[in-house]
Amino acid sequence: MVTQYVAGRTSFGAFVAVLTATMGDAAFLLLAREPLTGLAMMLLGLSTGVLTGAATEGLLPDWRSRSALPADADPVPAAPHTPLLHRLWTVLLLPGAVFALLEALQVDLGASSLLKGAVLATGVVGALMGVAIWIADDPAGREAGKGGGDAGNPVSDTAMVTVWVIAAFLAFELGRADFGLDLAELVDGAWMALPLLGVLIGFLPGCGPPIPAALRSGVLPITNPSSRSSAPISTMTRSGRSRRASTAGSAGTFSRGNTMADQGTWTLGIVGGTGWLGGAIATRLLTRRFLTPQRLWLSNRSGAHGAFAAWRGTTVTTDNAALVEASDVVMLAVRPGDFAAVRIDASDKLVVSVMASVPVARIAELTGASRIVRAMPNPSVEFGEGFTPWYATRETSLRDRALVSAIFDTCGPTEVLASEDHIDYFTGLTGPVPGFLGYVADAMIQAAVDHGIERGLAERAVRHHCVAAAHEIDRAPYDPAQMVKMTLDYGGTTAAGFRAADAAGARKAIAAGLRAAWEVARKDRSKD
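Calculation notes
- Position numbers for residues start from 1 in each chain and track the written sequence from start to end.
- Per-residue local features are limited, in this predicted model, to residues with pLDDT of at least 70; the limit for side-chain atom pairs, both in listing and counting, is 80 or more; totals at the level of whole chains, interfaces and linings are taken over all residues.
- Working from all heavy atoms in the structure, the side-chain values ignore hydrogens and water.
- Think of it this way: any DSSP run of H or I at least four residues long counts as a helix, any run of E at least two long counts as a strand, and we number them from the N terminus.
- For every residue, the accessible area obtained with a 1.4 Å probe (protein chains only) is divided by the maximum for its type, and the residue is called buried under 20%, exposed over 50%, and partly exposed between those limits.
- Note on contacts: a residue pair is in contact if any heavy atoms of the two residues lie within 4.5 Å.
- Each accessible area is a Shrake-Rupley result for a 1.4 Å probe, and residues are judged covered by the shown protein chains and nothing else.
- Here, nonpolar core refers to any group of buried Ala, Val, Leu, Ile, Met, Phe, Trp, Tyr and Cys residues whose side-chain atoms link them within 4.5 Å.
- Note on aromatic contacts: the rings of Phe and Tyr and the six-membered ring of Trp form a pair at centre separations within 6.5 Å, being stacked when their planes are under 30 degrees apart, edge-to-face when over 60 apart, and tilted otherwise.
- Here a polar contact is taken to be a pair of N or O atoms separated by no more than 3.5 Å, where protein atoms must pair a possible hydrogen donor with a possible acceptor and residues adjacent in sequence count only if both atoms sit in side chains.
- What makes a salt bridge here is a side-chain nitrogen of Lys or Arg within 4 Å of a carboxyl oxygen of Asp or Glu, nothing more.
- For two strands to pair, DSSP has to find at least two bridges joining them.
- Only the stretch in contact is used when fitting a helix axis, every axis being a line fitted to C-alpha atoms; angles between N-to-C directions are given from 0 to 180 degrees.
- Each angle is binned into one of four classes, with values under 35 degrees roughly parallel, values over 145 roughly antiparallel, values of 65 to 115 roughly perpendicular, and all other values oblique.
- Crossing handedness follows the turn of the near helix against the far one: under a right angle anticlockwise gives a left-handed crossing, and clockwise gives a right-handed one.
- Residues are grouped as follows: Ala, Val, Leu, Ile, Met, Phe, Trp, Tyr, Cys and Pro are nonpolar; Asp, Glu, Lys and Arg are charged; all remaining types, including Gly, are polar.
- Within this analysis, patches are made of residues with over 30% relative accessible area and no salt bridge. Like charges are joined at 9 Å or less; nonpolar side chains (Val, Leu, Ile, Met, Phe, Trp, Tyr) at 5 Å or less.

Focus: the overall build of the protein
Step number 1: When you go through the protein residue by residue, the secondary structure sums to 21 helices and eight strands.
Step number 2: In the protein, which comprises 528 residues, the proportion classed as buried is 37%.
Step number 3: Put simply, 61% of the contacts in the protein that link residues at least 6 apart link residues at least 24 apart.
Step number 4: Summing over all exposed atoms, the protein offers an accessible surface of approximately 28,500 Å²; the carbon and sulfur share of this is 64%.

Here it is, written out as structure tokens:
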């Protein structure tokens, strides 16, 4: 657009509109992980561009057809020839476009050594050619439209952007490796300056994409992280589905170069990974391509792969110590009674426990870890329909929490809890599947049988009703309390049933059951 305005082919208002609207063009990087946020950024850029462009046209009417060239200047000539480097660069467009499409579709480009090599070769050759084109192009010709750097040449423009991106990447990586630069720690206490930082980075050609990439990975928060350090920050939509959440925490370290949020550089080890819950989580992460098999370690007592034999590259072992050594994130998915026999040293790891009723203090005692997350998912996570509340210790960092959120978001809605006590309560409320709802369903079936209805018929009816009711509760624009009130206000058979159940103490019975489950879940913590 700059070159089109310079050449006198468009108005200044259109020039302002396009540049303003495309300030958020890199938001496509958020679409895979944060689709609503990515689309919101694009729409915000579009509407802002339209408004600023129209305002510019109205405020500067004399500029509508004015170009940046003098009135008596010759029009920008076309390039007399296309240099060889430019022609060779365009050859890479086709494989590059194919790889980009596959990446957008979340195809694992590292699944085969051949495909991985092709992607690497294309990237290296393209980057080197971009640098070579930038060096070879004549700056004077780039402005005057002569030689290889004619105005408006997309190859020259892309080469210049490539050089900027490479320079920015090297500066960031070298700063982190040689000077211990930790972007997450820097922004953790300076969130008010983040918009200004984004604006400043936007002035660097081609350096916009790192901002949404940092948002996607959790290195940069979308809102003030400090206000979310001690309270749940994920929110439930009206339909009951949880948006992705990440919270800030005290700064932590990461054993592999502080790159935890980069999905390509960390390994997950699940102790008890072929069991009921651990296996469900592992299966979901693999089927959704959140992890490649090569970055997943599982341990069990037999060392047998079982259902994971089809996932070539997954490591299954009986050696928990080897699993911990190879992993950056260690997930504990054994039965609580078997935890004491695990015996691992995970003092420098992020430890995520999905064990019921094992408190943080006990986990820290037996693993040596301080960066601990307690989560209470259920086996529906295998189908992306689980609900996972989780609690993190103060020692967990922003990146730790962002990664935990990403892991469980892959398995269904999540919620961050402010208190470990709440995790114990959720153990009874939502933990086991189908939990209390299964108990209620069984009671309904038995009541129908006692009334003389054939058990198979009663079971089919109640099963179907539970599924339909779950969808209704999920999709309705009002909450369950309003549903009950509307039923009571309407009157009729169901309202009579509600009143009789209340009179018999149904609500008190359910509350008593949940309290009993909570007391069992917290019994070990109450001894601390």
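What follows picks up the thread again.
Remarks on the environment of Met41
Step number 1: Within the element layout of this structure, Met41 appears in helix H3 (residues 35-59).
Step number 2: What makes Met41 partly exposed here is its relative accessible area of 27%.
Step number 3: Residues Met41 and Ala21 lie 20 residues apart in sequence; the distance between their C-alpha atoms is 9.9 Å.

A word on unusual backbone geometry
Step number 1: At Arg289, a position not held by glycine, the phi torsion is positive, near 60°.
Step number 2: With respect to the helices, strands and loops of the structure, Arg289 is situated in the loop between helix H12 (276-287) and strand E2 (296-299).
Step number 3: Judged by its relative accessible area of 52%, Arg289 falls in the exposed class.
Step number 4: One non-glycine residue with positive phi stands out, namely Arg343, at about 55°.
Step number 5: One can find Arg343 in the loop between strand E4 (329-332) and strand E5 (350-353).

Remarks on the nonpolar core
Step number 1: Core analysis: the biggest nonpolar cluster contains 33 residues, and Leu268, Ile281, Met331 and Phe408 have the highest contact counts within it.
Step number 2: Sorting the residues of this core by element identifies strand E1 (268-271), H12, E2, E4, E5, strand E6 (372-375), strand E7 (388-392) and helix H15 (398-409) as the ones contributing at least two each.
Step number 3: Take this core: its biggest share by element is six residues, from H12.
Step number 4: Setting aside anything within four residues of it in sequence, one finds Leu268 in contact with Leu285, Leu291, Arg295, Leu296, Trp297, Ser327, Val329 and Met331.
Step number 5: With 22 residues, the next largest nonpolar core counts Val330, Val358, Ile372 and Ile423 among its residues.

Comments concerning the packing of aromatic side chains
Step number 1: Scanning the model with the defined rule gives two aromatic pairs in all.
Step number 2: Seen from their ring centres, Phe387 and Phe426 are 6.2 Å apart, and the 35° between their planes marks the pair as tilted. Of this pair, Phe387 sits in the loop between E6 and E7 while Phe426 sits in helix H16 (residues 420-429), and the two are 39 residues apart along the sequence.

Re the side chain of Thr122
Step number 1: Among the structural elements, Thr122 can be located in helix H6 (residues 113-136).
Step number 2: A relative accessible area of 18% places Thr122 in the buried class.
Step number 3: Here Ala118 takes part through its backbone oxygen, which lies 2.8 Å from a polar atom of the side chain of Thr122.
Step number 4: Setting aside chain neighbours within four positions, we find Thr122 in contact with Leu92, Pro95, Gly96 and Phe99.

With respect to the pattern of salt bridges
Step number 1: Under the criterion given, the structure shown has ten salt bridges.
Step number 2: With a closest N to O distance of 3.0 Å, Arg374 and Asp424 form a salt bridge. One end of the pair, Arg374, is in strand E6; the other, Asp424, is in helix H16, and 50 residues separate them in sequence. Both residues of the pair, Arg374 and Asp424, count as buried.
Step number 3: For the salt bridge of Arg515 with Glu519, the shortest nitrogen-to-oxygen distance reads 3.2 Å. Taken together, the positions of Arg515 and Glu519, both in helix H21 (residues 506-521) and four residues apart, correspond to about one turn of that helix.
Step number 4: Of the residues examined, Glu519 reaches a relative accessible area of 38% and is grouped as partly exposed.
Step number 5: Three or more residues joined by partner-sharing salt bridges are found here, namely Arg301, Arg335 and Asp338.

With respect to the sheet that holds strand E3 (residues 315-317)
Step number 1: Spatially, E3-E2-E1-E4-E5-E6-E7-E8 is the arrangement adopted by the eight strands of the open sheet, whose pairing is mixed. The open sheet has two edge strands, E3 and strand E8 (414-416), and neither has a second partner. Adjacent strand axes in the sheet meet at a mean angle of 20° when their direction is disregarded.
Step number 2: With four bridges joining them, E4 and E5 adopt parallel strand pairing. Bridge assignment links Val330 to a residue of E5, and that residue is Val351.
Step number 3: Relative to E6, helix H14 (residues 360-367) is tilted by about 130°, and along the sheet it contacts E4, E5, E6 and E7.
Step number 4: Running at roughly 155° to E7, H16 makes contact with E6 and E7 of the sheet.

Concerning the side chain of Asn300
Step number 1: Tracing the backbone through its elements, the reader meets Asn300 in the loop between E2 and E3.
Step number 2: On the basis of relative accessible area, Asn300 is assigned to the buried category, the value being 15%.
Step number 3: At 3.3 Å, the side chain of Asn300 and the backbone nitrogen of Ser302 are in polar contact.
Step number 4: Within the local environment of Asn300, its side chain forms a polar contact with the backbone nitrogen of Gly303, the two atoms lying 2.5 Å apart.
Step number 5: Those residues in contact with Asn300, other than ones at most four positions away along the chain, are Thr274, Val316, Thr317 and Thr318.

Observations concerning the pairing of E4
Step number 1: Burial along E4 is two-sided: the face carrying Val329 and Met331 and the face carrying Val330 and Leu332 are both buried.
Step number 2: In terms of strand pairing, E1 meets E4 through four bridges, oriented parallel. Counterpart to Leu268 in the pairing with E4 is Val329.

Brief notes about the packing of H16 against H21
Step number 1: With their axes 8 Å apart at the nearest point, H16 and H21 run at an angle of 125° to one another. Comparing their axes, H21 and H16 come out oblique. For the pair H16 and H21, the crossing hand works out as right-handed. Side by side, H16 and H21 meet where Asp421, Asp424, Tyr425, Thr427, Gly428 and Leu429 of the first sit next to Leu514, Ala517, Trp518 and Ala521 of the second.
Step number 2: Among the residues making up the contact of H16 with H21, the classes are represented as six nonpolar, two polar and two charged.

Considerations on a nonpolar patch on the surface
Step number 1: On the surface, Tyr439, Val440, Met444 and Ile510 cluster together into a nonpolar patch covering about 390 Å² of accessible area.
Step number 2: No other element matches helix H17 (residues 435-450), which puts three residues into the nonpolar patch.
Step number 3: By the element assignment, Met444 lies in helix H17.
Step number 4: Overall, Met444 belongs to the partly exposed group, its relative accessible area being 38%.

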